[in-house]
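# A structural walkthrough
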Amino acid sequence: MNNQAFVQRDLAVLWHPCSQMKDYDPAGGSLPLIPIKSASGVWLEDFEGNRYLDAISSWWVNLFGHANPIINQALKDQLETLEHVILGGFTHEAAVTLAEKLVEITPPGLDKCFYADNGSSAIEVALKMSFHYWRNLGQSQKTKFITLENSYHGETLGALAVGNVALYKETYAPLLMDVITVPSPDCFYREADESWEDYSIRRFVDMEEALARHGEDVCAVIVEPLVQCAGGMRMYHPVYLRMLREACDKYGVHLIADEIAVGFGRTGTLFACEQAGISPDFLCLSKGLTGGYLPLSAVLTANTIYQAFYDDYQNLTAFLHSHSYTGNALACRAALTSIEIFQTQDILGRNRQLAAVMAKAVEHFNEHPHVAEVRQTGMIVAIELIKNKQTREAFPWQQRRGLSVYRYALSRGVLLRPLGNVIYFMPPYVINEQEIQLMADVAWQGIQLAVQD
Ligand SMILES: *Cc1c(COP(=O)(O)O)cnc(C)c1O
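From a predicted model like this one, the values you see are computed outputs, not experimental measurements.

### Notes on the nonpolar core
Leu102, Met207, Met233, Phe264, Leu416 and Met439 are the most contacted members of the largest nonpolar core, which has 123 residues in total. Residue contributions to this core peak at nine residues, all from helix α11 (residues 329-344). Residue assignment places this core across two domains, with domain 1 (34-67 + 347-450) and domain 2 (72-344) each supplying three or more. Ranked by size, the runner-up nonpolar core spans 25 residues in total, among them Leu127, Phe282, Ile305 and Phe309.

Pasting the structure below:
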């Protein structure tokens, strides 16, 4: 079966995520739908043998390449032993060992692990746990959450409510709980001569003010540590997290760190919070958790929070949240094996070298008349296109300039998936120097085409 025939089968029955389906119309749509037959390492292969470098780790989930032999073998073994069992009232080896490992490798003070099966669900769990903790303590006036502008925490209604990307949120606004939204420390908006650190400190004034004003009624502040990924890979300095941790303690408010996208080495450290030397009250993990193999998420929290739910059943303080596939054995095994790879190979050390290679490969983009900024945090590099570099006027979103880069890159065998006018690289950690160079060359050529009138 060739690509076109397969796409026809798809379009007859499938509704794709995050898509205007009309874009895929083979007669005149603006996006080709690419059927993938197999994948290996950083490469995806379609039904006609064309290959695509997966520069975005298949939506930021893949760490050690597709069809990784170590994870594949571990999953085969797990499959022969136990594929899944109910986690209410029952337990199993992979779920326990993974929880032990997560407690061990995450920042200090996170002692308990609650599983869910995707990122948005982990956010729902953290929001509900925080609210419920305060309620169990008799502080039921605490019902609000503070979030940052341009943040993203997923698509379910609770997660969408604490997110702030208008494109995903606006339509559903009438369905969403009210949140307190504070300006982001996003360093794209710093003054020309201002450092990331100075700007992040300056922006904290708004957060401090919101906490001082609303702290009594607030359960938690939720943030994406260091990089607001879906919001266009916007970045800020760790000092903001340090200040936020102190202020949350001062005002008696929880800190929820959504490391769903940035966890597991993306920012240069295993977890982004490490760069600020802080521990959140809730740490949400998913995406890279299983190395990109299977849906799984985890919320790590402190014993003190766990203890507030621990009581005789009749007192009705328990956290009764559940998902059918909570703690799925195959997913836990994939996660465990992925963490073992971190512990047996110097992944973070190698990533530092790869990050330096990426930095070098995109250095010259800074001189481009339509590049407003090249920014990087660890294994995430973003290139922001702009209509006018002097006035900082953006390209109108309707022109979909990023889409031209996407289409061009596909024709050159690279999967880049710009966020609006932001081109970014977030590759699997098994990428090599040559492949990084290819990614950068293709992005450069794609930008040349996309900024023409
Ligand atoms: C992707 C993402 C989520 C949502 O995870 P899903 O598995 O897609 O529901 C939440 N927060 C952040 C920061 C993310 O990048």
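### Points about the domain arrangement of the protein chain
According to the domain assignment, the protein chain consists of domain 1 (34-67 + 347-450) and domain 2 (72-344). Computed over C-alpha atoms, the centres of domain 1 and domain 2 are 27 Å apart. Each side of the interface is counted separately: domain 1 has 32 residues, and domain 2 has 29 residues. A buried area of about 2600 Å², summed over both sides, lies between domain 1 and domain 2, and 63% of it is on carbon and sulfur atoms. On the domain 1 side of the interface with domain 2, the three residues burying the most area are Trp60, Arg375 and Thr377, jointly 23% of the side's total. Taken together, the links from domain 1 to domain 2 amount to two salt bridges. Linking Arg234 and Glu384 is a salt bridge whose minimum nitrogen-to-oxygen distance equals 2.8 Å. Put simply, domain 1 and domain 2 have 13 residue pairs in polar contact (both at pLDDT 80 or more) between them. If you list the elements that add at least two residues to the side of domain 1 that touches domain 2, you get α2 (57-60), α12 (347-362), β13 (371-377), β14 (380-385) and β16 (422-425).

### Points about the site of the ligand
What surrounds the ligand is the set Trp60, Asn118, Gly119, Ser120, Tyr152, His153, Gly154, Glu224, Asp258, Ile260, Ala261 and Lys287. At 2.8 Å, a backbone N or O of Gly119 approaches an oxygen atom of the ligand. In the model, a nitrogen atom of the ligand is placed 2.6 Å from a nitrogen or oxygen of the Asp258 side chain. Here the ligand, which alone exposes 380 Å², has 83% of that area covered by the protein. Partitioned by chemical class, the residues of the shell around the ligand number four nonpolar, five polar and three charged.

### So, the packing of aromatic side chains
Tallied over the full model, the rule gives 16 aromatic pairs. Taken together, a centroid distance of 4.4 Å and an interplanar angle of 25° make the contact between Phe6 and Phe47 stacked. Of this pair, Phe6 sits in helix α1 (residues 3-13) while Phe47 is found in the loop between β2 (43-46) and β3 (51-54), placing the two residues 41 residues apart along the sequence. Judged by its relative accessible area of 24%, Phe6 is partly exposed. Taking the centre distance of 5.6 Å and the plane angle of 70° together, the rings of Tyr236 and Tyr240 count as edge-to-face.

### Notes on unusual backbone geometry
Phi is positive for Asn150, which is not a glycine, with a value near 65°. Inspection of the secondary structure assignment puts Asn150 in the loop between β5 (144-148) and α6 (157-162). Not every positive phi belongs to a glycine, and Leu226 is a case in point at roughly 70°. By the secondary structure assignment, Leu226 is in the loop between β7 (218-223) and β8 (227-228).

### Concerning the packing of helix α8 (residues 196-214) against helix α9 (residues 239-251)
Direction vectors running N to C along α8 and α9 enclose 20°, while the axes themselves pass 9 Å from each other. With respect to their mutual orientation, α8 and α9 come out roughly parallel. At the point where α8 passes α9, the crossing takes the right-handed sense. For the pair α8 and α9, the contacting residues are Glu197, Ser200, Ile201, Arg203, Phe204, Met207, Glu208, Leu211 and Ala212 in the first and Val239, Tyr240, Met243, Leu244, Ala247, Cys248, Lys250 and Tyr251 in the second. Classifying every residue of the contact of α8 with α9 by side-chain character gives twelve nonpolar, one polar and four charged.

### Here's the deal with the pairing of strand β12 (residues 297-301)
Across the five residues of β12, five count as buried, placing the element largely inside the fold. A two-sided burial pattern is seen for β12, the buried positions comprising Ser297, Val299 and Thr301 on one face and Ala298 and Leu300 on the other. Bridge count between strand β4 (residues 112-116) and β12: five bridges; the pairing is antiparallel. Of the residues in β12, the one forming a bridge with Tyr115 is Ala298. Where strand β11 (residues 282-285) and β12 come together, four bridges link them in antiparallel fashion. Along β12, the bridge assignment pairs Leu283 with Leu300.

### Overview of the sheet that holds β14
Taking strand neighbours across the sheet as the criterion, the three strands line up as β13-β14-β16 in an open arrangement whose pairing is antiparallel. The two strands at the open ends of the sheet, each matched to only one other strand, are β13 and β16. Mean inter-strand twist for the sheet, computed between neighbouring axes without regard to direction, equals 15°. Bridge count for β13 against β14 is six bridges, and the pairing is antiparallel. Bridging from a neighbouring strand, Val371 pairs with Leu385 of β14. Where α12 meets the sheet, its contacts fall on β13, β14 and β16, and the angle it forms with β13 comes to roughly 170°.

### A few points about the sheet that holds β7
Judged by pairing direction, the sheet is mixed, and its seven strands sit side by side in the order β4-β12-β11-β10-β7-β5-β6 without closing on themselves. Looking along the sheet, the strands with just one partner apiece sit at the ends: β4 and β6 (180-182). Adjacent strand axes in the sheet meet at a mean angle of 20°, parallel and antiparallel pairs treated alike. Pairing between β7 and strand β10 (residues 254-258): four bridges, direction parallel. Looking across to β10, one finds that Val221 is bridged to Leu255. In the packing of helix α5 (residues 119-136) onto the sheet, contacts are made with β4, β5, β7, β10, β11 and β12, and the angle to β12 comes to roughly 25°.

Parameters and conventions
- Residues numbered from 1 in each chain as written.
- Predicted model: local features only at pLDDT ≥ 70, side-chain atom pairs only at ≥ 80, totals over all residues.
- Heavy atoms only, no water.
- Core = buried A, V, L, I, M, F, W, Y, C linked by side-chain atoms within 4.5 Å.
- Buried < 20%, exposed > 50% of the residue type's maximum accessible area, 1.4 Å probe, protein only.
- Helix = DSSP H or I, 4+ residues; strand = E, 2+ residues; numbered from the N terminus.
- Domains from an automatic or database assignment.
- Contact = heavy atoms within 4.5 Å.
- Buried area = accessible area lost by both parts, 1.4 Å probe.
- Salt bridge = Lys/Arg side-chain N within 4 Å of Asp/Glu carboxyl O.
- Polar contact = N/O pair within 3.5 Å; in protein donor to acceptor, adjacent residues only side chain to side chain.
- Near = heavy atom within 4 Å.
- Areas by Shrake-Rupley, 256 points an atom, 1.4 Å probe, with all protein chains shown as cover.
- Nonpolar A, V, L, I, M, F, W, Y, C, P; charged D, E, K, R; others polar.
- Phe/Tyr/Trp six-rings, centres within 6.5 Å; stacked < 30°, edge-to-face > 60°.
- Axes fitted to C-alpha atoms, helices over the stretch in contact; angles between N-to-C directions.
- Parallel < 35°, antiparallel > 145°, perpendicular 65-115°, else oblique.
- Left-handed = near helix turned anticlockwise from the far one by under 90°.
- Pairing = 2+ DSSP bridges.

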